[in-house]
Amino acid sequence: MLIPTGEARPRFWVKLFINPFIHKKGKGSKIRRLVRTDVLPFNKFTLGDYAIIEDFSTINNGVGDLHIGNRSLIGMSNVIIGPVTIGNNVILAQNIVVSGLNHEYRNADMPIMDQPILVAAIVIEDDCWIAANAVITSGVTIGKHSVVAAGAVVTKSIPPYSIAAGNPAKVIKKYNFDNGGWESVKS
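Since the structure is predicted, the reported quantities are computational estimates derived from the model, not experimental observations.

Moving on to the overall build of the chain. Of regular secondary structure, the chain possesses two helices and 23 strands. A compact globule built from 187 residues would reach a C-alpha radius of gyration of about 16 Å, and the chain, at 17 Å, matches this within 12%. Overall, the C-alpha framework of the chain stretches about 60 × 50 × 20 Å when taken along its three principal axes. When burial is assessed residue by residue, the chain has 37% of its 187 residues classed as buried. In the chain, of all internal contacts separated by at least 6 residues, the share reaching a separation of at least 24 is 17%. By element, 56% of the accessible surface of the chain is carried by carbon and sulfur atoms, the whole surface being about 10,400 Å².

Here it is as structure tokens:
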């Protein structure tokens, strides 16, 4: 009854009459008018104080909880599929995919859409910047105060105070607290 058969988005009445009483939206936070909010009542969705979700983004908690911290910005045209935790003061630029969901493909005799899904939480810690067109795959943690470069595909966790780039993303710089600067990582 909550979701039409074969679809990911809740029925309109769920958005109007149930979700506002279950999910938490912080003080001063904004979800722009053209955001697709596929938010269901059986998983959590929280939006921190002064957080913003820009137009043309899709937010989905259908397979796992979705938490967005205080003062975080979800830029235009992002897709975020839980389970995902985004910390405080995080910037997601444009056209980013953050998906804690993946499709299994073990049985070649069965269509992929009929096979089980795999779910693994994504964590983006405080003060991170994810640049445009990046992809963050399930099960990944991006450490505090890290940067993911434009177009990067993150398939493994990134340590705190790092800059990662490429496909698959690799750490290319780390912050050195002794000299107060970013240093290249030797490969």
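Before going further, it helps to spend a moment on the nonpolar core. Membership of the largest hydrophobic core comes to 33 residues, with the highest contact counts inside it found for Ile80, Ile86, Leu92, Val98, Ile124, Ile130 and Ile142. Going through the elements one at a time, β4 (45-47), β7 (66-68), β10 (84-86) and β15 (122-124) are the ones with two or more residues in this core.

Taken as a whole, this structure holds three salt bridges when the rule is applied. Arg36 is the salt-bridge partner of Asp38, the closest N and O atoms lying 2.8 Å from each other.

Per the stated rule, a full pass over the model turns up four aromatic pairs. Considering the side-chain rings of Tyr161 and Tyr175, the 6.5 Å spacing of their centres and the 40 degrees angle between planes classify their relative orientation as tilted. Of the two residues, Tyr161 is situated in the loop between β20 (153-154) and β21 (162-165) and Tyr175 in strand β22 (residues 170-176); the sequence distance between them amounts to 14 residues. Overall, the relative accessible area of 25% leaves Tyr161 in the partly exposed class. Tyr175 gets classed as partly exposed once you look at its relative accessible area, which sits at 28%. Linked through ring pairs, Tyr161, Tyr175, Phe177 and Trp182 together constitute an aromatic cluster.

Let us now look at the sheet that holds β22. The nine strands are arranged β2-β5-β8-β11-β16-β19-β21-β22-β23 in an open sheet whose pairing can be described as mixed. This sheet does not close on itself; its edge strands, each paired only once, are β2 (30-31) and β23 (181-184). Sheet topology places strand β5 (residues 52-53) next to strand β8 (residues 73-74); two bridges connect them, and they run parallel. By the bridge assignment, Ile52 is partnered in β8 with Leu73.

Right, let's get into the sheet that holds strand β18 (residues 141-142). In spatial order, the strands read β1-β4-β7-β10-β15-β18; together these six strands make up an open sheet with parallel pairing. Strands at the two margins of the open sheet, each flanked by one partner only, are β1 (24-25) and β18.

Examined against the element boundaries, Asp38 turns out to sit in strand β3 (residues 36-38). In this structure the side chain of Asp38 is engaged in a polar contact, spanning 2.8 Å, whose partner is the side chain of Arg36. Each residue touching Asp38, except ones within four places of it in the same chain, is listed here: Ala8, Arg9, Pro10, Thr58, Ile59, Asn60, Asn61 and Gly62.

Bridging between β22 and β23 involves four bridges; their strand directions are antiparallel. Residue pairing in the sheet places Asn176 in a bridge with Gly181 of β23. The hairpin formed by β22 and β23 contains four residues between the paired strands, and Gly180 there has a positive phi angle of roughly 70 degrees.

Our next topic: a nonpolar patch on the surface. On the surface, Leu34, Phe56 and Met76 cluster together into a nonpolar patch covering about 290 Å² of accessible area. Residue position: Met76 is located in the loop between β8 and β9 (79-81).

Once that is clear, we can look at unusual backbone geometry. Look at the link from Gly82 to Pro83: it is a cis peptide, with omega at 10 degrees. Here Pro83 is to be found in the loop between β9 and β10. For the bond from Asn167 to Pro168, the omega torsion is -5 degrees, close enough to zero to count as cis. Along the polypeptide, Pro168 turns up in the loop between β21 and β22. The phi dihedral of Asp127 falls on the positive side, at around 65 degrees, and the residue is not glycine. Mapping Asp127 onto the fold places it in the loop between β15 and β16 (129-130). Given a relative accessible area of 28%, Asp127 falls into the partly exposed group.

Reading guide: rules and limits
Residues numbered from 1 in each chain as written. Predicted model: local features only at pLDDT ≥ 70, side-chain atom pairs only at ≥ 80, totals over all residues. Heavy atoms only, no water. Helix = DSSP H or I, 4+ residues; strand = E, 2+ residues; numbered from the N terminus. Rg over C-alpha atoms; globule rule 2.2 N^0.38 Å. Buried < 20%, exposed > 50% of the residue type's maximum accessible area, 1.4 Å probe, protein only. Contact = heavy atoms within 4.5 Å. Areas by Shrake-Rupley, 256 points an atom, 1.4 Å probe, with all protein chains shown as cover. Core = buried A, V, L, I, M, F, W, Y, C linked by side-chain atoms within 4.5 Å. Salt bridge = Lys/Arg side-chain N within 4 Å of Asp/Glu carboxyl O. Phe/Tyr/Trp six-rings, centres within 6.5 Å; stacked < 30°, edge-to-face > 60°. Pairing = 2+ DSSP bridges. Polar contact = N/O pair within 3.5 Å; in protein donor to acceptor, adjacent residues only side chain to side chain. Patch = residues over 30% accessible without salt bridge, like charges linked within 9 Å, V, L, I, M, F, W, Y side chains within 5 Å.

In short, geometric facts, not functional conclusions.
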